[in-house]
Amino acid sequence: MASPSHDAALALHAADAGCVEIDLEGSMEFVWVWVYCIMYGAFAMAVTLVPIWWCASSEEEAAAEALCEEVSGTPSTKRKRQRRVRRRSMVAEIKPQPDIKAAEMHLRKTSCTDNSCNWRPVFDTSFEDLNQIGGSGTELYFRLLQILGVCFVFMSIATFPLAAFSTKGDFVPDNGQVFSRATIGNLAHKPKGSLPPEERYIILGCQGRQLARLTSLFSWLDFGAAALFFAVVLGFRYYLVPRVARDAEQDHIIAKEYAVEIDCLPSKITRQVDYEQRLTEHLCARIKEARKAGFARKAMLGRPDLQTEPTVPELVLVRDYGGG
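Residues numbered from 1 in each chain as written. Predicted model: local features only at pLDDT ≥ 70, side-chain atom pairs only at ≥ 80, totals over all residues. Heavy atoms only, no water.

## A closer look at the overall build of the chain
Line of reasoning, step 1. The helix and strand inventory of the chain stands at nine helices and two strands.
Line of reasoning, step 2. Mapped in sequence order, the helices and strands of the chain form the string α-α-α-α-α-α-β-β-α-α-α.
Line of reasoning, step 3. Looking at the chain residue by residue over its 324 residues, the buried ones come to 22%.
Line of reasoning, step 4. Here the analysis covers contacts within the chain between residues at least 6 apart in sequence; of these, 57% occur between residues at least 24 apart. (Helix = DSSP H or I, 4+ residues; strand = E, 2+ residues; numbered from the N terminus. Buried < 20%, exposed > 50% of the residue type's maximum accessible area, 1.4 Å probe, protein only. Contact = heavy atoms within 4.5 Å.)

## Some details on the state of the cysteines
Each disulfide consists of one covalent bond between the sulfur atoms belonging to two cysteines.
Line of reasoning, step 1. On inspection of all chains with the given rule, the structure shows one disulfide.
Line of reasoning, step 2. Paired through a disulfide, Cys 19 and Cys 206 show a sulfur-sulfur distance of 1.8 Å. Because the sign of the S-S torsion sets the handedness, a value of about -80° for the bond joining Cys 19 and Cys 206 places this disulfide among the left-handed ones. Taken together, the positions of Cys 19 in the loop between helix 1 (4-17) and helix 2 (28-72) and Cys 206 in the loop between strand 1 (201-204) and strand 2 (207-210) put the pair 187 residues apart, joining distant regions of the chain.
Line of reasoning, step 3. Exposure remark for Cys 19: the relative accessible area of 13% places this residue in the buried category.
Line of reasoning, step 4. Judged by its relative accessible area of 35%, Cys 206 is partly exposed. (Disulfide = S-S within 2.5 Å.)

## Brief notes about the nonpolar core
Line of reasoning, step 1. Phe 165, Leu 187 and Ile 202 are the most contacted members of the largest nonpolar core, which has 13 residues in total.
Line of reasoning, step 2. For this core, the secondary-structure elements that each account for two or more residues are helix 2, helix 6 (136-166), strand 1 and helix 7 (212-252).
Line of reasoning, step 3. Leave out the neighbours within four places in its chain, and Ile 202 touches Phe 30, Phe 165, Leu 187, Ala 188, His 189, Gln 207, Gly 208, Arg 209, Leu 211 and Leu 214.
Line of reasoning, step 4. Listed in part, the seven residues of the second largest apolar core include Ala 9, Ala 14, Ile 22 and Leu 195. (Core = buried A, V, L, I, M, F, W, Y, C linked by side-chain atoms within 4.5 Å.)

## Observations concerning the pairing of strand 1
Line of reasoning, step 1. Residues Tyr 201 and Ile 203 line one face of strand 1 and the alternating positions Ile 202 and Leu 204 line the opposite face, and both faces are buried.
Line of reasoning, step 2. In the sheet, strand 1 pairs with strand 2 via four bridges, with the strands oriented antiparallel. Opposite Leu 204, over in strand 2, you have Gln 207 as the bridge partner. (Pairing = 2+ DSSP bridges.)

## As for the confidence of the model for the chain
Line of reasoning, step 1. Residues with a pLDDT of 70 or more make up 80% of the chain, whose mean pLDDT is 79.
Line of reasoning, step 2. The spread of mean pLDDT over the elements of the chain runs between helix 3 (residues 77-91), the lowest at 46, and helix 6, the highest at 92.
Line of reasoning, step 3. Per-residue pLDDT stays below 50 along residues 73-91; that stretch engages in 13 contacts with residues further than four places along the chain or on separate chains. (pLDDT = per-residue confidence, 0-100.)

## Some details on the pattern of salt bridges
Line of reasoning, step 1. For the structure on display, the rule yields six salt bridges.
Line of reasoning, step 2. Its salt-bridge partner being Arg 120, residue Asp 129 comes within 3.7 Å of it at the nearest N-O pair.
Line of reasoning, step 3. Here Glu 139 ties to Arg 143 by a salt bridge, and the two come within 2.9 Å at their closest N and O atoms. Taken together, the residues span about one helical turn, with Glu 139 and Arg 143 both in helix 6 at a distance of four residues.
Line of reasoning, step 4. You can call Arg 143 buried: its relative accessible area is 14%. (Salt bridge = Lys/Arg side-chain N within 4 Å of Asp/Glu carboxyl O.)

## Some points on the environment of Ile 157
Line of reasoning, step 1. Residue placement: Ile 157 occurs in helix 6.
Line of reasoning, step 2. Remark: the alpha-carbon pair of Ile 157 and Ile 38, spanning 119 residues in sequence, is separated by 8.3 Å.
Line of reasoning, step 3. Apart from the residues lying within four places of it in its own chain, the contact partners of Ile 157 are Tyr 40, Gly 41, Ala 44 and Met 45.

## So, the side chain of Ser 126
Line of reasoning, step 1. Along the polypeptide, Ser 126 turns up in the loop between helix 4 (100-109) and helix 5 (127-134).
Line of reasoning, step 2. For Ser 126, a relative accessible area of 9% gives the class buried.
Line of reasoning, step 3. Within the structure, Ser 126 has its side chain in polar contact with the side chain of Asp 129 (distance 3.1 Å). (Polar contact = N/O pair within 3.5 Å; in protein donor to acceptor, adjacent residues only side chain to side chain.)

This is the structure in structure tokens:
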């Protein structure tokens, strides 16, 4: 049951709003505010996620086309012609007089262009292309920008109801600034009569709610937005960064970049002409045994087991004559 101070405050609010009384049971005015918040959330999600989905689908189509060309070994005629033109321009003689076209071509070759010296499109440049241009750091930088942008959009969706209800209040003095009305300091209406400020009301039309009934909901929405931000930061640090580094290592580092020096080999064997082949077979056999014993899995620290046949890409025999 409302106290006399609450009844007097509601009567004053009704007089200011031009209503017979403030309805504390009706909710249609508040429902419309929540509907506007949901519409804003749907619009923000569509504007943010649809372009990302569209760009991702374009990247998949381009990757599939490149894979087909790589497997078939027959790139398109246009790409062949562009490569021939580029190859001829690279081997052309350098003339002593200034050549603006050659300078522009050099600028394109040394800029963020594709294999055909065409400027990379803004929306069709994939993260893999960024990795090829500037390495894993460049890819992670732009991934972080995209992830934080999406995160901030979702955080704004969670905090938009607080701003929407704040615009309906008059607790902050009118200083002529529109954005000050959307701050949390403007939430609810000024207390009327002897009503304490912490018990003031939110008045929408001829309907009202006590502020304490909505602040708990706003608090949970703010908590969800903050939790989302921390989850994104932790996921980026402990999931995405290691994954990008691992993928870049698998794509760009090959076995030939690692070298193992083996000494104390016998200088002569039974079939000396097959020394290289027999040594290669011996090394492959030892690798198989090491895998069976589990040594390779322990050395790789949790990486998936390699089921492929072990190979020695390159073997170089050097005779040591006892020199330094």
